[in-house]
Each structure stands twice: as C-alpha cells, then as structure tokens.
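Analysis of the macromolecular model
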Amino acid sequence: MCEAGTPNQFAQKLDNFIDGLTHKKENLIAVLHHAQEIYGYLPDNVQWHIAQKLDIPSATVYGVVSFYSFFTMIPRGEHVVNVCTGTACFVRGAEKLKEELESQLKIKAGETTPDNLFTLETLRCVGACGLAPVMIVDGKVHGRMQKPQDINEVLAKYRSEG
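No experiment lies behind these values; they were computed from the predicted model shown.

The rules we used
- Residues numbered from 1 in each chain as written.
- Predicted model: local features only at pLDDT ≥ 70, side-chain atom pairs only at ≥ 80, totals over all residues.
- Heavy atoms only, no water.
- Salt bridge = Lys/Arg side-chain N within 4 Å of Asp/Glu carboxyl O.
- Helix = DSSP H or I, 4+ residues; strand = E, 2+ residues; numbered from the N terminus.
- Buried < 20%, exposed > 50% of the residue type's maximum accessible area, 1.4 Å probe, protein only.
- Patch = residues over 30% accessible without salt bridge, like charges linked within 9 Å, V, L, I, M, F, W, Y side chains within 5 Å.
- Areas by Shrake-Rupley, 256 points an atom, 1.4 Å probe, with all protein chains shown as cover.
- UniProt positions renumbered as here; feature names shortened; annotations may be inferred.
- Contact = heavy atoms within 4.5 Å.
- Arc of directions from axis to C-beta.

As a further point, take the pattern of salt bridges. Taken as a whole and assessed by the stated rule, the structure comprises four salt bridges. Glu121 is the salt-bridge partner of Arg76, the closest N and O atoms lying 3.2 Å from each other. Of the two residues, Arg76 is situated in the loop between α4 (58–67) and β1 (79–84) and Glu121 in strand β2 (residues 118–123); the sequence distance between them amounts to 45 residues. Given the relative accessible area of 17%, Arg76 is considered buried. Where Glu102 meets Lys98, a salt bridge forms, and the shortest distance between an N and an O atom there is 3.3 Å. In this pair, Glu102 and Lys98 both sit in helix α6 (residues 94–105), four residues apart, roughly one turn of the helix. Note on accessibility: Glu102 and Lys98 belong to one class, buried. Salt bridges linked by common partners bring Glu95, Lys98 and Glu102 together as one network.

Here you go:
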C-alpha cells in the first residue's frame, strides 16, 4: 500500500515516474494511482506537486481525487478492509459483517485503528456474489464471512504479518 522510504525518496520516485511519461497531462489518473501507492494517500501537498509537474490547475487534480472513491486524502492503515454492500452481500448479511468488523477492530467504517494497522471501508458490488457476504483485505477476497470466528481468523492473519 505505502512504500518505505523518506519524504525525499517518495518525491523522487514520483518525479521519476512523471518524467518518464510521454504525455503527462493525459496520464493524471495513472500519476495519482502511482502517487497513492508511494504515499498511501494523496495529501494536499502531493496533489499540488502533481499539478505543478503536469502543468495543470491544482483544482483539476483535487476534482479527480475527490470524484473517484479509490483515491483518498486521508491516511489509511497498513491493511484496508472493505465490506461489500452490493445486493447479494447485503441480503446475505453485509451489515452484520460490517458491525462485527467494527466490534472486533473497535472502529467505525471510514476509520483507522489507533495502531494504523487496519482501515475499515465499505464499497459497492465487487462481483463475488456467489461468496456473499464478502470482505476484501488488501485486494484479497474472503467469502462467506458470517461467523465472528471466521472474521477473527482472517484479521489474525493480517495482524501476525505486522
């Protein structure tokens, strides 16, 4: 999610990526994705830097960042836990899954644990309806998450990685 390094190293990685692009302005979304991989999120100063490097208004950068739900201006935890709230997951217990995660992590959806290990979010259908309800941790789908014990086991795997 977030690469290791110093702020200067982060900026250099981003600059190297941008400098390697033939068509800079047309690649705003790719630059934002890359920046978020490096920094873990897109704070104002990074958005401003991108605007300067691409020679576009900072309002344009902010508009794209705030429009697409993939981008975040708030730091996320080391592991991002998403609960699918699409129709199949909703019918099969997505709300209970979310509530159980909130209970186990001691945070609400949209928040990050005090140790910065987990961020809990919700999203619409992820296309894993046959496995409903599902939670996605760092892009990995975990299906049929209905028992508190199963949810705890998944979280424990990510806790032990830290």
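Moving on, we get to a nonpolar patch on the surface. Taken together, Ile29, Phe67 and Tyr68 make up a surface patch of nonpolar side chains, about 330 Å² in accessible area. Locating Phe67 in the fold gives a position in helix α4. For Phe67, a relative accessible area of 63% translates into the label exposed.

In this structure's numbering, the residues bearing the UniProt feature "binding site: [2Fe-2S] cluster" (unreviewed entry) are Cys84, Cys89, Cys125 and Cys129. In sequence the annotated residues extend across 46 residues, while in space they remain close, none of their C-alpha pairs exceeding 9.4 Å. Within the secondary structure, Cys84 is located in strand β1. Since its relative accessible area comes to 3%, Cys84 is described here as buried. In contact with Cys84, other than residues within four places in its own chain, are Cys89, Ala94, Leu123, Arg124, Cys125, Val126 and Val134. With respect to the secondary-structure elements, Cys129 resides in the loop between β2 and β3 (135–137). Excluding residues within four positions of it along the chain, Cys129 makes contact with Ala88 and Arg92.

Turning to α4, its buried residues are Val61, Val64 and Val65. Seen end-on, α4 carries its buried residues on one side only, within an arc spanning 100 degrees. Residues of α4 that are exposed and point more than 90 degrees away from the buried face comprise Ala59 and Phe67. Where α4 is buried, its residues contact α2 (28–39) and α3 (44–54).

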